[in-house]
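Residues per chain are reported as follows:
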Amino acid sequence: MANTIAYEGISWAIGSTSFRTKELNKKTEWQLVLLDEFWRKPEFVNQKWKANEFLQQAYYKHLWTNDFTVGNASRPAKDAREKTSGLCDIGVVDRETRKLTEVGEELLLISKSNNFKGDNILQIDSDSFLYLKQLIKTSVDVGTSKVRPFIILARVLNELKYLTDEEFVYLLPLISDEASYKNVIGKIKDFRKGECDINQTIYEILLSHNSYKQAHDLLLDADSVTEDLIITIMMNRKSPMYSKPFFSFFKALHRVLMGNDFSDKSMKILDKSISDCKTTRTTIREILYCTTKNIINGGKNTFRPEVLKSVKSEESFRELFFKVCHVSKTLNNLEDYGDLNLRYFTMSDCLITEDQTIKFDTLPKIYFSMVNDSLKAISFSDSDLLYKSVELKDIASVFEIDSEFFYRNVAKEVGSEVYDRKSIQIILDKKKYARFNKLIDEKFTDAVLLQILDEFKLRETSDDEHDEKIKQFVSSNSDGPTSFEYILGIIWYKLNGRTGDVLRFMNLSLDGDLLPKTHAGGGEADIVWEYPESENYPEHTLLIEATLADRQNQRRMEMEPVSRHVGEYCLANKSRTAYGLFITPYLNPNVINDFFSRRNMNYFSVTDTNQFVKKLLIASLETDNLKKLIEEHIEYDKIYSVMQDYFSTDERNPLKAQEVFVDNLIQ
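Quantities reported herein were computed from a predicted structural model and do not represent experimental measurements.

Throughout the structure, instances matching the rule amount to 40 aromatic pairs. Between Phe604 and Phe612, the aromatic rings sit 5.3 Å apart at their centres with planes inclined by 40°, giving tilted as the arrangement. Since its relative accessible area comes to 39%, Phe604 is described here as partly exposed. Taken together, the ring pairs connect Trp492, Phe505, Trp529, Tyr531, Tyr537, Tyr579, Phe596, Tyr636, Tyr640, Tyr646, Phe647 and Phe661 into an aromatic cluster. Of note, Arg155 hangs over the ring of Tyr181, and the distance from its end group to the ring centre comes to 3.9 Å. Cation over ring: Arg192 sits above Tyr162, and NZ or CZ is 3.9 Å from the ring centre.

Written out as structure tokens, the structure is:
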């Protein structure tokens, strides 16, 4: 009997579950800043990272003192390695030295400039374009194969147009060579026709790998099943101790199915043995059981009919046991990495995830379809340019395409008879707004917006708890302040009857799903809403300023920036009337007083005191006031009119004027 069977990986993943972070863009950029600072310290500049626990612990402390981590890791050096491992995977940090690569330096510059607007053929943000290039270059080891996950994704989407969530999580990562590519593509097509089962597909792919076939044959050919045999065939990479519970599971399942003992006692022992299998217990139950209720007392009715039918002999029982154990382990691993893979892929801003499917956005779809014939050649290879800052065409000649030919294909895709970039952009913008309006209808109804505003208000008492709820409502890649600006943009868009170029007016980076993402440098705190002349108001601009600063810090943090933003805008746009609107969960009375008084104060240019604005007109609202505007379906025409009354009031008491302003809004 073989004492050990070498574990053979059958699926790929990008990043590490040890760094399964939310706000991935922000945390990636932030850690580059911290790494850059760390390596510039005189005491560390000449030290080596590898096998240097003292240095790694020092880096962990650096993360802690800069609020990147909470500082309670039991093994700080290991945590420091894990925190940087995902950055190594995508090539912004060198795996050996843990110093910024050429690409990392480029991303750091983009982040520090706080300007993410890109000028590239796919019309995505500059950081997203960098991530795309890195994902194209990134390869991972699967057994003896090298796999480029994003290239595999592109080929699959080119062929199948989309992937369901299940196909993305459970089948896509099983592609490790050209044979498995063809196999998985065929299985997905069968799956969509209802002709195959994901668990069976996974099992067949497992048995196509030598190590699993060896373990399978070892179990089925053994004269008797011992604990040592189970430990061998489970091939646990970490420790044999993790495989021991599966022997108890084997005996308990054998007693029930082969002994035909479905008594409460035997079912209880079986379920206890499944629980002891720890990380796989949920997937084991899902494979075996057809119910989540009354498992112990359900007897035969607890099991899936196909499970009962499959057990006809000792050999078929062992076959079932092997399948349940290894499919459950594989399912667990795939589920563990599925979310992580998607987080990294979506950093490219090339994907749309909606209606439980994943597909390319329009321009990436056209681009990758044009280079599809050449993707096969690089699918199972690595790149020696991962750490280098290069153009797409330098990664591989396949990625160089003629821009005119590209836009001809885009025009064909969007149904345009002309293919100049400006005309196509108008069509693309219409498609984008159609998606945005659908997103609002499905995800940000008035009722949901009211709930989110409540969470922002409650955040002052416990920001961690309510930030998590806000992420669930909005996006896991966005922090509280960014989500607040985004939600205010949506609310204002709806109050304006869904008119106005809100996606441009919001000074935010949005991902492929048109949800906000936070950068390490933070965005400008303005929504600059440009209004054309109408029957009810002249041409003007409204600068919406948002803050989640609490009442105590609001005066210190917001009075100067808000008035400066409005003042500088007015100086730069003297021919255009502009107003400020400050929105926060709680208004500090001194902030109200300061903004109210600005209507009688000059604002001077700091570089030329001959340049000044005679007055700044800034109104203020609390989120509870905003809720009333939503509930009463108040439109902007009225808001504008009431603001004019507020700015011209004879009332000298700012708090009384504020009270009248709010009352008039919702009357």
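If you look at the biggest cluster of nonpolar residues, it comprises 138 residues, and the most contacted ones within it are Ile233, Phe249, Leu257, Leu288, Phe303, Phe368 and Phe399. Top contributing element to this core by residue count: helix α16 (residues 314-346), with 12 residues. Leaving out residues up to four positions away in the same chain, Phe399 has contacts with Ile136, Ile151, Tyr367, Phe368, Val371, Leu375, Ile378, Leu392 and Lys393.

With that out of the way, let us pick up the pairing of strand β13 (residues 618-622). Most of β13 is tucked away, with 4 of its 5 residues classed as buried. Direction of pairing for strand β10 (residues 577-584) relative to β13: parallel, over a ladder of 5 bridges. Bridging from a neighbouring strand, Phe582 pairs with Ser620 of β13.

Looking now at helix α3 (residues 76-89). With 14 residues, α3 extends 21 Å from end C-alpha to end C-alpha; this agrees with the ideal 20 Å at 1.5 Å per step. Burial of α3 is extensive: 10 of the 14 residues sit out of reach of the surface.

Okay, the sheet that holds strand β4 (residues 351-354) next. The strand order across the open sheet built from 3 strands is β3-β5-β4, with neighbouring strands paired in antiparallel fashion. The sheet is open, and its two edges are formed by β3 (163-164) and β4, each paired on a single side. Alignment of β3 against strand β5 (residues 357-360), held across 2 bridges, turns out to be antiparallel. The residue of β5 that forms the bridge with Leu163 is Ile358.

About the criteria used
Every residue gets a number counted from 1 within its own chain, in the order that chain's sequence is written. Reporting in this predicted model follows two pLDDT cut-offs: at least 70 for local features of residues, and 80 or more for side-chain atom pairs to be given and counted; totals over whole chains, interfaces and linings ignore these cut-offs and use all residues. Hydrogens and water molecules were not included; the side-chain quantities draw on all heavy atoms of the structure. Classification of ring pairs rests on two measures: the distance between centres of Phe, Tyr or Trp rings, Trp counted by its six-membered ring, which must be within 6.5 Å, and the angle between planes, read as stacked under 30 degrees, edge-to-face over 60 and tilted in between. Three exposure classes are used, based on accessible area relative to the maximum for each residue type with a 1.4 Å probe and protein chains only: buried under 20%, partly exposed in between, and exposed over 50%. A ring is considered to have a charge above it if a Lys NZ or an Arg CZ atom is located within 6 Å of its centre and within 35 degrees of its normal. Put simply, a nonpolar core is a bunch of buried Ala, Val, Leu, Ile, Met, Phe, Trp, Tyr and Cys residues held in one set by side-chain atoms that sit within 4.5 Å of each other. The secondary structure listing takes helices from DSSP runs of H or I that are at least 4 residues long and strands from runs of E that are at least 2 residues long, numbered from the N terminus. Contacts: residue pairs with any heavy atoms within 4.5 Å of one another. Strand pairing requires that DSSP identify at least two bridges connecting the strands. In a helix, the anticipated span is given by 1.5 Å times the number of residues less one.

All we've got here are geometric facts, nothing functional implied.
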